[in-house]
Amino acid sequence: MSPNDNRIDARDWSLLAVLSVLWGGSFFFNGAALRELPPLTLVLLRVALGAAILLPLLRIQGVGFPKGVTGWKPFVAIGLFNNVIPFSLIVIGQTFIPSGLASILNATTPLFTVIVMAAVGEEALQLRRVAGVALGLAGVIILRGWGAETRAGQGLGILLCLGGALSYGFAALAARRLLKDSAPLGTASFQLMASTVMMALVAGATEQPWRLPMPGLTTWLAVLGLAGLSTALAYIVFFQILRRSGATNVMLVTLLIPVTAILLGWLVLDEPISMREIAGAIVIGSALLVIDGRVLNLLRRGT
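What counts and what doesn't
- Residues numbered from 1 in each chain as written.
- Predicted model: local features only at pLDDT ≥ 70, side-chain atom pairs only at ≥ 80, totals over all residues.
- Heavy atoms only, no water.
- Helix = DSSP H or I, 4+ residues; strand = E, 2+ residues; numbered from the N terminus.
- Buried < 20%, exposed > 50% of the residue type's maximum accessible area, 1.4 Å probe, protein only.
- Contact = heavy atoms within 4.5 Å.
- Areas by Shrake-Rupley, 256 points an atom, 1.4 Å probe, with all protein chains shown as cover.
- 1 Å grid on protein atoms, 1.4 Å probe; cavity = no way out; pocket = protein on both sides within 12 Å on 5 of 7 lines; lining within 4 Å.
- Points joined across faces, edges and corners; volume = space filled by probe spheres on them.
- Nonpolar A, V, L, I, M, F, W, Y, C, P; charged D, E, K, R; others polar.
- Axes fitted to C-alpha atoms, helices over the stretch in contact; angles between N-to-C directions.
- Parallel < 35°, antiparallel > 145°, perpendicular 65-115°, else oblique.
- Left-handed = near helix turned anticlockwise from the far one by under 90°.
- Phe/Tyr/Trp six-rings, centres within 6.5 Å; stacked < 30°, edge-to-face > 60°.
- Core = buried A, V, L, I, M, F, W, Y, C linked by side-chain atoms within 4.5 Å.

Undergrad: Is there a simple way to explain the overall build of the chain in this structure?
TA: Summing up its helical and strand segments, the chain has 13 helices and zero strands in all. Burial status across the chain gives 50% buried among its 303 residues. Considering only contacts in the chain between residues 6 or more positions apart, those separated by 24 or more positions represent 91%. Put simply, the chain shows about 13900 Å² of open surface, and 69% of that area lies on carbon and sulfur atoms.

Here you go:
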């Protein structure tokens, strides 16, 4: 199926919900692991273990490796903008700001994606989509709240997380142009491999991970959750949606992440849901309907 950046079918809406759960967990895993690991070392472990998890699947599925420098170039570009830059900026940002605020800032990703696509002429700047994304961001703020916690360097943390969201917008553009015919499993694996090499250089030069004390069991469990669930499995789902429904639509997952986090807290931890959270979820749902456009078309036909 060719990507359609104006419509998402029922299957991809379901996959977006699954992806929101997988990526929503990354903020929790980051927060737990950062207690014992420096940020760039954590990113290195995330992409390296994620790649290692996917390697056996490549062999099972018979997916061949890219050939030569030319074959690897697209995956280096995707790895840079989809992993190295945003993962590093966001995880460093989380050392200055709470995870909840980081997830709100991450929800600006669809807005940046719409702007990037329009700026390079890939997509028309549709008022409906911009309004829908802005409405969704307002819903996220209502649902999560900005939080009363203030930390030193919070302004820097906000800027770093916004920089990560902007990088995801460029990653969507690169994926659209460079990886139209790449299988989701291969794309997920090869971009993580390329990211591992880049992060090994960066973390090795700045944090020297081999000199760090061995982390405890809780930290390793958080790292494994981050690599296995929020990276390896999540990217297989991500590139499947990207291939079917397009770059802008797949980034809508960042609007769903806070909603799924609230629902998981209610279902798994028996946490209460406030009226503010219900109102925020309704606003986000309305925004997704506006972005999708089909309900609006039905309303126009009925008038």
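There's more to say after this.
Undergrad: What is the right way to look at empty space enclosed by the protein in this model?
TA: A probe matching the size of a water molecule, rolled over the atoms, marks out where space remains unfilled. Counted according to the given criterion, the structure contains two cavities of 30 Å³ or more. By volume, the largest cavity amounts to about 190 Å³. Lining the largest cavity are 17 residues, and of these Ser26, Arg46, Phe87, Ile90 and Tyr168 sit closest to its centre. The set of elements that each furnish at least two residues to the lining of the largest cavity consists of α1 (10-33), α2 (39-61), α3 (68-93) and α11 (253-268). Of the residues belonging to the lining of the largest cavity, the class tally is twelve nonpolar, four polar and one charged.

Undergrad: So what exactly am I meant to see when it comes to the packing of α2 against helix α8 (residues 184-206) here?
TA: Angle between the axes and distance between the axes are the two parameters that describe a pair of packed helices. One can describe the packing of α2 onto α8 by two numbers: an axis separation of 8 Å at closest approach and a directional angle of 150°. With respect to each other, α2 and α8 are oriented roughly antiparallel. As for the relative orientation of α2 and α8, their crossing is left-handed in sense. Broken down by class, the residue content of the contact of α2 with α8 amounts to 19 nonpolar, eight polar and no charged.

Undergrad: How do you make sense of the packing of aromatic side chains when you look at a structure like this?
TA: Pairs of aromatic rings are described using the distance from one ring centre to the other and the angle between the two planes. Scanning the model with the defined rule gives eleven aromatic pairs in all. Judged by centre distance (5.9 Å) and plane angle (85°), the rings of tryptophan 23 and tyrosine 235 are edge-to-face. Linking tryptophan 23 in helix α1 with tyrosine 235 in helix α9 (residues 217-245), this pair joins segments that are 212 residues apart in sequence. For the pair formed by tryptophan 23 and tyrosine 235, the shared burial category is buried.

Undergrad: I would appreciate a short explanation of the environment of arginine 176 in the present structure.
TA: Inspection of the secondary structure assignment puts arginine 176 in helix α7 (residues 154-178). Taking C-alpha positions, arginine 176 is 8.1 Å from leucine 242, a pair spaced 66 residues apart along the chain.

Undergrad: I tried to follow the nonpolar core on my own but got confused; where do I start?
TA: Among soluble globular proteins, nonpolar side chains are generally buried collectively. In this structure, Leu19, Trp23, Leu42, Tyr235 and Phe238 are the most contacted members of the largest nonpolar core, which totals 72 residues. Top contributing element to this core by residue count: α9, with eleven residues. Filtering out sequence-adjacent residues up to four positions away, leucine 19 remains in contact with Gly24, Ala234, Val237, Phe238, Ile241, Val250 and Val253.

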